[in-house]
Amino acid sequence: MPDLSEKTRSKAFVTRIREMGWRDASYLEHNLLRVLIDDIGSFTPELCAVQEKRQINAHWIPHFRANSPKAFSDAENGAYWKSEHLYHSAGSFPCFPNFGSGHIADGITHPVNGWTANARWNFVKKGKDEESGAVWVLSTLEAPENTMPLLFRKVDALIPGEPVHYSALRISNTGTEDLELCGGWQNIVGAPFLSCGCRLSASAKEWVVPPLGSEFDATARLAAGKEFISLSKAPLAAGGETDISVVSGPIGWTDFAMGAIPKSSTLGWTAVVNPFLKMVYAAFFPGPLLADENNDIPIYFNDIFMQYGGRPWTPWAPYEGGTDLSYCLGMSGATAAWTSGLEFSRAERKVLGSPVTFTLPAKTEKTLCWGTLFAPYEDNILDGGVVGMDGEDGILICKSAAAAWRFKADITFKVIRRLCQ
């Protein structure tokens, strides 16, 4: 295994390592970012901004994440962890063909957040693109069920000079029947980047709280099933409103909200700004207007998961009825009905007027391009949060109420699309 302690490199590079829990992983780095991607579940426990001596990881690493070389065993570990997904979970990860709760659909037992966030991906190769200078990793995963014959291929890349982790996930339906799927991409941030007073925003303009019957019934302070038009005016179950655009500390609640991205959007996005560290974390992807129906996996919703201490059971708490020690914020892009899974999404059809499933025709493939930016800004420009996001050639523009900050970024995903070919 390589020794990464010596910081003598100035150019982008990629290597293979083993990290906590003896997990095999791919490690990509250039002078702005470090990214660590596990083979198991394609979890990304580390997205780290590199600034001279200061290195800050934005991603959530749960206190309960297993630090053992032993594989998950339901008999040995199930009572505490509840699922293999939580045994390994960290940071960001793709969720296909199921988003949310584990359940049975079409006779298939779908794990929490799908095979892509549970199974061991096959590392194929790594390399460097001579044209762009990007370092990249290719991984594949074959669906374990023949009745849902899917092949997943994923390319992860860093491009020199750009503070963005790029991913392209291509899903192929190798069967003879069309498949109706749901899914998305979760980005979960935690301390030390996440703290009380961070500013949260997203591209959605209409929002809704999960209806009664969801996993949040016992943990939510927000009013079940209620619609609202601004994160600053989220409806409370006890009456009145609260501003969820300002990140809370551990207040003893766990909530979820789902927002429809306007169909006229060229770019879908979510963002969290830490005004104390002067840093912004943002996920961006092709919006409904630009997504190619024949070739792109559509993302119609922003999902916000506010894990602020509302789960007094394991593994979130050290024992049943204990103190929830977990503090994180999830910002997902998804085409799914809340976190209720594939079967529920198929029955629900639409939420807020947008589809909660997509169709992958037989013998075809579709691709989801995803960018995760983590970078500093200056002059207090984004202290109040990002109110809008768009771009121009090679530039991602994060707008505040009065100004904007520009980051070098490939907003058309032309490099990662080419690498995915």
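Look up: the structure comes first, before these words.
Here, residues in each chain are numbered from 1, in the same order as that chain's written sequence. A pLDDT threshold of at least 70 governs which residues receive local features in this predicted model, and a stricter bar of 80 or more applies before side-chain atom pairs are shown or counted, although totals over entire chains, interfaces and linings include all residues. With hydrogens and water stripped out, all remaining heavy atoms of the structure feed into the side-chain values.

(A) Expanded view of the pairing of strand S28 (residues 364-376). Relative accessible area decides the class of each residue, using a 1.4 Å probe on protein chains only: under 20% of the type maximum gives buried, over 50% gives exposed, and in between gives partly exposed. Only DSSP runs of H or I with at least four residues qualify as helices, and only runs of E with at least two residues qualify as strands; both kinds are numbered from the N terminus onward. S28 sits mainly inside the fold: 10 of its 13 residues count as buried. Here 6 bridges tie strand S22 (residues 279-286) to S28, and the two strands are oriented antiparallel to one another. Looking at S28, one finds that alanine 282 is bridged to leucine 373. Only when DSSP finds a minimum of two bridges between them are two strands counted as paired.

(B) Just the packing of aromatic side chains, in detail. Only rings of Phe, Tyr and Trp enter the pairing, Trp through its six-membered ring, and a pair is recorded when the two centres are within 6.5 Å. The plane angle decides the type: under 30 degrees is stacked, over 60 is edge-to-face, the rest tilted. All told, the structure shown has 22 aromatic pairs when counted by the stated rule. Ring centres of phenylalanine 64 and tryptophan 316 lie 5.3 Å apart, and the angle between their planes is 75°; on these two criteria the pair is classed as edge-to-face. Taken together, the residues span a long stretch of sequence, with phenylalanine 64 in the loop between strand S5 (54-57) and helix H1 (74-81) and tryptophan 316 in the loop between strand S23 (301-308) and strand S24 (327-335) at a distance of 252 residues. The same class applies to phenylalanine 64 as to tryptophan 316, namely buried. Grouping aromatic residues by their ring pairs yields a cluster made of Phe72, Tyr80, Trp81 and Tyr87. Think of it as a cone above the ring: NZ of Lys or CZ of Arg counts as a charge over the ring if it is within 6 Å of the ring centre and within 35 degrees of the ring normal. Sitting above the plane of the phenylalanine 123 ring, arginine 16 keeps its charged end 4.2 Å from the centroid. Sitting over the face of the ring of tryptophan 121, lysine 154 holds its NZ or CZ atom 5.5 Å from the ring centroid.

(C) View of the pattern of salt bridges. A pairing counts as a salt bridge when a side-chain nitrogen of Lys or Arg comes within 4 Å of a carboxyl oxygen of Asp or Glu. On inspection of all chains with the given rule, the structure shows 19 salt bridges. Note that glutamate 365 and arginine 153 form a salt bridge whose closest N and O atoms lie 2.5 Å from each other. Within this pair, whereas glutamate 365 is found in strand S28, its partner arginine 153 is found in strand S11 (residues 150-158), the two being separated by 212 residues in sequence. Arginine 170 is the partner of glutamate 365 in a salt bridge, and the nearest nitrogen-oxygen pair spans 3.6 Å. With a gap of 195 residues between them, glutamate 365 in strand S28 and arginine 170 in strand S12 (residues 164-173) connect regions that are remote in the sequence. Overall, glutamate 365 belongs to the partly exposed group, its relative accessible area being 31%. Residue class for arginine 170 comes out buried when judged on its relative accessible area of 9%. Among the charged side chains, a network of salt bridges with common partners joins Glu19, Asp38 and Arg65.

(D) The arrangement of the sheet that holds strand S29 (residues 388-392) in detail. Here 3 strands make up an open sheet; going across it, the order is S29-S30-S31 and the pairing antiparallel. Each edge of the open sheet is held by one strand with a lone partner, namely S29 and strand S31 (404-408). The average undirected angle you get between the axes of adjacent strands in this sheet is 25°. Bridge analysis of strand S30 (residues 395-399) against S31 gives 5 bridges, and the strand direction is antiparallel. Considered in S31, the bridge of lysine 399 is made with alanine 404. Angles here are taken between N-to-C directions and fall from 0 to 180 degrees, while the axes themselves are lines fitted to C-alpha atoms, restricted in helices to the stretch in contact.

(E) Region of interest: the pairing of S22. The buried fraction of S22 amounts to 8 of the 8 residues, a majority that puts the element mostly inside the structure. Pairing of strand S21 (residues 267-274) with S22 involves 8 bridges; the strand directions are antiparallel. Opposite tryptophan 269, over in S22, you have phenylalanine 284 as the bridge partner. Counted between consecutive antiparallel strands, the loop separating S21 from S22 contains 4 residues, among which lysine 278 sits at a positive phi close to 60°.

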